[in-house]
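If you want the building blocks of each chain, they are given just below.
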Amino acid sequence: PGVAEFAVKLGPPEYFMLMVLAFTTVSAVLGQSALRGMTARFVGLALGCVGMDQISGAARYTAGQMELLDGIDIVLVAVPVAATEATFKAIRHLLSPTTLMMDVGSTKADVVQAARRALRDQVGSFVPAHPIAGREVSGVEHADPELYAGRQVILTPTERTLAAHLRCAEELWTRLGCRVTSMAPEAHDAAFAAVSHLPHLLAFAMMQSVIRQENSDYILSLAGTGFRDFTRIAASDPKMWRDILRA
């Protein structure tokens, strides 16, 4: 979980600065994958990552190190959804009106409400995003610069989202190889509750029903590929999914 590490590539034809705030969980896979993917695709891009505390959402660094955010053009917040509000509050004073902020959370209505409370008059600079590119493994060591290639990203702008920031977000995800779609936060949550959140809940429940039995090891030794395929996503990070299911 390296932190405050910077890879800087300077030069024409474009130059901007991106900062990823990431936990050392599966959300860090999403954040670091975006970081590395943009490193490979953009010329003149200054990149950085600040690690965040897994429980409180507070920066693991001193206030002076958080000042690294000062002057940043794009902030990608890759944290469990329950930590969104605390994260935005921690960085709000360092952001300019032109800063583009995005997240990678799997729920959107709660994230939008958290952004409204935390960012206040700056909420128009926030473009909620959900890349459909997660993995069931955790940690930055699993980051993949090609994670987003050919994948879908859902943006859920609100009536206060600034048009210029939305266009920038669409361009960034497109350049990462994504298919970009926009929808309302509530419509997003209803759809993904059916096709993503409920399947994860069922997989967790199935695994718990087996491993809590006295002869669980023997039962699992009898399982075939169908059981493996059905329960693969039960290996996902439980803290992150706790937040998603509560939302």
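Above this text is the structure in question.
Computed from a prediction, not measured in an experiment: that's the story for all the values here.

### A word on the overall build of the protein
Assigned secondary structure in the protein consists of 9 helices and 9 strands. Burial analysis of the protein (247 residues in total) assigns 47% to the buried set. Restricting to contacts in the protein with at least 6 residues of sequence separation, those with at least 24 account for 81%. Summing over all exposed atoms, the protein offers an accessible surface of approximately 11,400 Å²; the carbon and sulfur share of this is 57%.

### What about the packing of helix α6 (residues 185–211) against helix α9 (residues 238–246)?
The N-to-C vectors of α6 and α9 enclose an angle of 125°; their axes lie 11 Å apart at closest approach. Considering the angle they form, α6 stands oblique to α9. Here α6 runs over α9; the crossing is left-handed. Together, Ser-196, His-197, His-200, Leu-201 and Phe-204 of α6 and Trp-241, Ile-244 and Leu-245 of α9 make up the contact between the two elements. Among the residues forming the contact of α6 with α9, the class breakdown is 5 nonpolar, 3 polar and no charged.

### With respect to helix α4 (residues 109–119)
Here α4 has its buried residues at Val-111, Val-112, Ala-114, Ala-115, Ala-118 and Leu-119. Projected down its long axis, α4 carries its buried residues within an arc of 160°, all on one side. Of the surrounding elements, those touching the buried residues of α4 are α3 (84–91), β5 (100–103), β6 (126–127) and α6. Where α4 terminates, the next one or two residues include Arg-120, which has phi positive at roughly 55°.

### As for the environment of Pro-128
Secondary-structure assignment places Pro-128 in the loop between β6 and β7 (129–131). Separated by 13 residues in the primary sequence, Pro-128 and Ala-115 have C-alpha atoms spaced 9.2 Å apart. In contact with Pro-128, not counting residues within four places along its chain, are Asp-103, Lys-108, Val-112, Ile-154, Leu-155, Thr-156 and Pro-157.

### What to know about the sheet that holds strand β9 (residues 179–182)
Taken together, 3 strands build an open sheet; the order of strands is β7-β8-β9 and the sheet is mixed. Looking along the sheet, the strands with just one partner apiece sit at the ends: β7 and β9. Within the sheet, the average angular offset between the axes of one strand and its neighbour, ignoring direction, is 20°. Pairing analysis gives 3 bridges linking β7 to strand β8 (residues 152–155), with the strands arranged antiparallel. Each bridged residue has a counterpart across the sheet, and for His-130 the counterpart in β8 is Ile-154. On the sheet, helix α5 (residues 163–175) packs against β7, β8 and β9 and is oriented at approximately 170° with respect to β8.

### Overview of unusual backbone geometry
Not every positive phi belongs to a glycine, and Arg-120 is a case in point at roughly 55°. Within the secondary structure, Arg-120 sits in the loop between α4 and β6.

### Digging into the packing of aromatic side chains
Tallied over the full model, the rule gives 1 aromatic pair. Taken together, a centroid distance of 5.1 Å and an interplanar angle of 75° make the contact between Phe-88 and Phe-126 edge-to-face. Of this pair, Phe-88 sits in helix α3 while Phe-126 sits in strand β6, and the two are 38 residues apart along the sequence. In terms of burial, Phe-88 and Phe-126 fall into one category: buried.

### Thoughts on the pattern of salt bridges
Under the defined criterion, the tally for this structure stands at 6 salt bridges. For Asp-103, the salt bridge goes to Lys-108, with nearest N and O atoms at 3.0 Å. Each member of the pair, Asp-103 as well as Lys-108, is classed as buried. With a closest N to O distance of 3.2 Å, Glu-159 and Arg-116 form a salt bridge. Placement of Glu-159 in the loop between β8 and α5 and of Arg-116 in helix α4 is noted, with a sequence separation of 43 residues between them. Among the residues examined, Arg-116 registers a relative accessible area of 27% and is labelled partly exposed. Counted as one network, the salt bridges with shared partners bring together Glu-85, Lys-89 and Arg-117.

Each value, and the rule that gives it
- All residue numbers here refer to positions counted from 1 along the written sequence of the relevant chain.
- Only residues with pLDDT of at least 70 get local features here, since the model is predicted, and only at 80 or more are side-chain atom pairs given and counted; chain-wide, interface and lining totals rely on the full set of residues.
- For side-chain calculations, the full set of non-hydrogen atoms in the structure is used, while hydrogens and water are omitted.
- Secondary structure is summarised from DSSP: a helix means a run of H or I of at least four residues, a strand means a run of E of at least two, and numbering begins at the N terminus for each.
- Whether a residue is buried, partly exposed or exposed follows from its accessible area with a 1.4 Å probe, protein chains only, as a fraction of its type maximum: under 20%, in between, or over 50%, in that order.
- Throughout, a contact is declared for two residues whenever any of their heavy atoms are within 4.5 Å.
- Per-residue and other accessible areas follow the Shrake-Rupley method at a 1.4 Å probe size, with only the shown protein chains counted as cover for residues.
- Note on method: axes are straight lines fitted to C-alpha atoms, helices fitted across the in-contact stretch only, with angles between N-to-C directions ranging 0 to 180 degrees.
- We call two directions roughly parallel when the angle between them is under 35 degrees, roughly antiparallel when it is over 145, roughly perpendicular when it lies between 65 and 115, and oblique otherwise.
- By definition, any crossing whose near helix is turned counterclockwise from its far helix by less than a right angle is left-handed, and any crossing with a clockwise turn is right-handed.
- Lys, Arg, Asp and Glu make up the charged group, whereas Ala, Val, Leu, Ile, Met, Phe, Trp, Tyr, Cys and Pro make up the nonpolar group; the residues left over, Gly among them, are polar.
- Each C-beta atom gives one direction from the helix axis, and the arc is the one those directions make.
- Paired strands, in this sense, are two strands between which DSSP finds at least two bridges.
- The aromatic pairing rule takes the rings of Phe, Tyr and Trp, using the six-membered ring of Trp, and pairs them if the centres are within 6.5 Å, calling planes under 30 degrees apart stacked, those over 60 edge-to-face and the rest tilted.
- Salt-bridge detection follows one rule: a side-chain nitrogen of Lys or Arg within 4 Å of a carboxyl oxygen of Asp or Glu.

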